[in-house]
Each structure stands twice: as C-alpha cells, then as structure tokens.
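Okay, here's what each chain looks like letter by letter:
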Amino acid sequence: MTAAEAVERIVGALKEIDGLRPATPVSPETTWLPVDWEGMAVDLSAEVVQIRLIATRLPIPPLLERAAEAVRPVLAGTEWEKARLRLVVTDLDGAAFAGDPRHTNG
C-alpha cells in the first residue's frame, strides 16, 4: 500500500466516527482547488502516524478510542503497522457544546 492509499483509507475510517473530523487548513467546501484537504491532516512515518482532528462532540477520550480502533486495522500489514499512533485534537467545534447546558449564556 502506498502512503497516499494509506492516508485515503485512514481518512475513510475516520469518517465513520461521529464526533471527529480531520483538521484541515481550509474547509474543503470553500475552495475550488482539487486538493485532498482531509489527507493533509495525516502524517505518516515509520515511528509515528499522527492525525490532527477536530472534535464536534464531547467527551473527547471515547472518541479518540474509537478513532484508534478504526485506524489500527488500516495500518495492519503496512510499513506503518508498528508506528505509534498519535491522535491530536487541534480544535473543538462549537457544536460540541450545543447539548451541554453548562455552556450557555443563560
């Protein structure tokens, strides 16, 4: 599997996790450039596979556990199989607070 294929499969696996999305430098919907914006959230190396994420729900720890469970099988049998998996939440979407009464202005 090539690095590009691995990134594509990782992003695909993460799309199954409700509450997380890849952290991209720009919203894919706001640009016409044909770039894999979501793939830019994934860095592959033999030592570390790092994925930058935006959380859209709380609590975060169970979301990260599910993300790790989704990504590890993608890496199985690849050159990144033994790499440490680092999931980094770079931002918290305001939608994460929508259902939490502790975070209202009232």
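Numbering of residues begins from 1 in every chain and follows the order in which that chain's sequence is written. In view of the model being predicted, local features appear only for residues whose pLDDT reaches at least 70, and side-chain atom pairs are presented and counted only at 80 or more, with totals across whole chains, interfaces and linings using the full set of residues. Calculated side-chain values reflect all of the structure's heavy atoms, with hydrogen atoms and water omitted.

Enquirer: I'd like a description of helix 1 (residues 3-14), backed by residues and values.
Expert: Relative to the 16 Å expected for 12 residues at 1.5 Å per residue, helix 1 spans 16 Å between its end C-alpha atoms, a close match to the ideal helical length. Inspection of helix 1 places Ala 6, Val 7, Ile 10, Val 11, Ala 13 and Leu 14 among the buried residues, and these make up the whole buried set. In an axial view of helix 1, the angular spread of the buried residues amounts to 160 degrees, which keeps them on one side of the axis. Summarising the geometry of helix 1, the exposed residues directed more than 90 degrees from the buried face are Ala 4 and Glu 8. Each helix is a run of H or I in the DSSP string that is no shorter than four residues. Each strand is a run of E no shorter than two, and both are numbered from the N terminus. Helix span, expected: 1.5 Å multiplied by one less than the number of residues in the helix. Partly exposed describes any residue whose relative accessible area lies between the buried limit of under 20% and the exposed limit of over 50%, with all areas from a 1.4 Å probe on protein chains only and scaled to the type maximum. When we speak of the arc, we mean the arc of directions from the helix axis to the C-beta atoms.

Enquirer: Can you break down the pairing of strand 3 (residues 48-55) residue by residue, with the values?
Expert: Most of strand 3 sits out of view: 7 of its 8 residues are buried. A pair of strands is labelled paired if DSSP reports no fewer than 2 bridges between them. Bridge analysis of strand 1 (residues 20-22) against strand 3 gives 3 bridges, and the strand direction is antiparallel. The residue bridging Arg 21 from the neighbouring strand is Ile 54, located in strand 3. In this structure, strand 2 (residues 42-44) lies alongside strand 3, joined through 3 bridges in antiparallel fashion. Of the residues in strand 3, the one forming a bridge with Val 42 is Ile 51. Linking strand 2 to strand 3, which pair antiparallel, is a turn of 3 residues. Of the pairings in the sheet, the one linking strand 3 to strand 4 (residues 84-92) comprises 8 bridges and is parallel in character. Note that in strand 4 the partner of Gln 50 across the bridge is Arg 86.

Honestly, it's all geometry; don't read function into it.
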